[in-house]
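If you want the building blocks of each chain, they are given just below.
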Amino acid sequence: MRKFLLFVPFVLFLVLGVVLYLQLGKDTQYMPSALIGKLLPEFTLVSLQDDQVYTKDDLPKGAYLINFWGTWCPACHVEHPFLMELAESGVPIIGIDYKDQKAPAEQWLEQKGNPYQLVLMDELGNFGVDMGVTGAPETFVVDSSGVVVYRHQGVVNAENWPELKGYMK
């Protein structure tokens, strides 16, 4: 029995090695979204621009992006110039000012430019929770049927835009 106990650490080491080996090459940043293939959740949010209340019925009828951002988010500062390029090329983007305050958000858009067709305030993050947002920036592609077809965590840039664009149908 004592000889068997000498092999327990070795067996545990082998099991741990196999588990770690199986994780090699996997994208550690990828988190699947439960919303893929489902309709955009219902929401009621106030617009940053005109203080009007909007629902999902007020969103574009064609494919569009929903971009969660915040003035507190360093990566959002990096992403913003590329979003401006997308907007200038005609890509419809709905901005969700996530867990932020109105005054800094207005100042941000005034200084950096506004790439969004509509900016909605999600000050408490409730819509973000419904969308499964884990942090900003996070971008969703919604197709012309109102179905969420893709989720991108992190900065949208020229390198990853072709993948997102492929879902814009």
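Residues numbered from 1 in each chain as written. Predicted model: local features only at pLDDT ≥ 70, side-chain atom pairs only at ≥ 80, totals over all residues. Heavy atoms only, no water.

Enquirer: Help me out: how do you make sense of the overall build of the protein chain in this one?
Expert: Assigned secondary structure in the protein chain consists of five helices and eight strands. Mapped from its N terminus to its C terminus, the protein chain presents α and β elements in the order α-β-β-β-β-α-β-α-β-α-β-β-α. Over its C-alpha atoms the protein chain spans a radius of gyration of 21 Å, topping by over 25% the 15 Å that the globule rule assigns to 169 residues. Projecting the C-alpha coordinates of the protein chain onto the three principal axes gives extents of approximately 75 × 35 × 30 Å. Evaluated residue by residue, the protein chain yields a buried proportion of 43% over its 169 residues. Within the protein chain, counting contacts between residues at least 6 apart in sequence, those at least 24 apart form 71% of the total. In the form shown here, the protein chain has an accessible surface area of approximately 10000 Å², with 60% of it arising from carbon and sulfur atoms. Taking the average place of the 12 positive charges on the side chains of the protein chain and the average place of its 20 negative ones, the gap between the two points comes to 16 Å. (Helix = DSSP H or I, 4+ residues; strand = E, 2+ residues; numbered from the N terminus. Rg over C-alpha atoms; globule rule 2.2 N^0.38 Å. Buried < 20%, exposed > 50% of the residue type's maximum accessible area, 1.4 Å probe, protein only. Contact = heavy atoms within 4.5 Å. Areas by Shrake-Rupley, 256 points an atom, 1.4 Å probe, with all protein chains shown as cover. Lys, Arg positive; Asp, Glu negative; His and termini not counted. Charge placed at Lys NZ, Arg CZ, Asp CG, Glu CD.)

Enquirer: Help me understand unusual backbone geometry, please; the structure alone is not making it clear to me.
Expert: Across the junction of Ala 136 and Pro 137, the peptide omega takes the value -5°, indicating a cis bond. Looking at the element boundaries, Pro 137 is found in the loop between α4 (126–131) and β7 (138–142). In this model, Asp 51 sits at a positive phi of 60°, which is unusual for a non-glycine residue. Secondary-structure assignment places Asp 51 in the loop between β2 (44–47) and β3 (53–55).

Enquirer: Help me out: how do you make sense of the environment of Pro 115 in this one?
Expert: Note that Pro 115 resides in the loop between α3 (102–112) and β6 (118–122). In this structure the C-alpha to C-alpha distance between Pro 115 and Gly 70, which are 45 residues apart in sequence, comes to 14 Å.

Enquirer: I would appreciate a short explanation of the environment of Trp 161 in the present structure.
Expert: The topology assignment puts Trp 161 in helix α5 (residues 161–165). Assessed through its relative accessible area of 11%, Trp 161 is described here as buried. Spatially, the C-alpha atoms of Trp 161 and Leu 86 are 9.4 Å apart, while their sequence positions differ by 75 residues.

Enquirer: How do you make sense of the pattern of salt bridges when you look at a structure like this?
Expert: Two side chains carrying opposite charge are able to pair once their charged atoms lie near each other. By the definition in use, this model includes four salt bridges. For Lys 56, the salt bridge goes to Glu 42, with nearest N and O atoms at 3.5 Å. Residue Lys 56 is located in the loop between β3 and β4 (64–69), and its partner Glu 42 is located in the loop between β1 (38–39) and β2; the two are separated by 14 residues in the primary sequence. By relative accessible area, Glu 42 is classed as exposed at 56%. Between Glu 138 and Arg 151 there is a salt bridge, with its nearest N and O atoms 2.7 Å apart. (Salt bridge = Lys/Arg side-chain N within 4 Å of Asp/Glu carboxyl O.)

Enquirer: Please explain the environment of Gln 52 as it appears in this structure.
Expert: Relative to the helices and strands, Gln 52 is located in the loop between β2 and β3. In contact with Gln 52, other than residues within four places in its own chain, are Leu 45, Val 46 and Ser 47.

Enquirer: I'm lost on the packing of aromatic side chains in this one. Help?
Expert: What describes a pair of aromatic rings is the distance from one ring centre to the other and the angle between the planes of the rings. Applying the stated criterion across every chain, the model contains seven aromatic pairs. Arranged with centres 5.7 Å apart and planes meeting at 90°, the rings of Phe 68 and Tyr 98 form a pair that is edge-to-face. Of this pair, Phe 68 sits in strand β4 while Tyr 98 is found in strand β5 (residues 93–98), placing the two residues 30 residues apart along the sequence. With a relative accessible area of 0%, Phe 68 lands in the buried category. (Phe/Tyr/Trp six-rings, centres within 6.5 Å; stacked < 30°, edge-to-face > 60°.)

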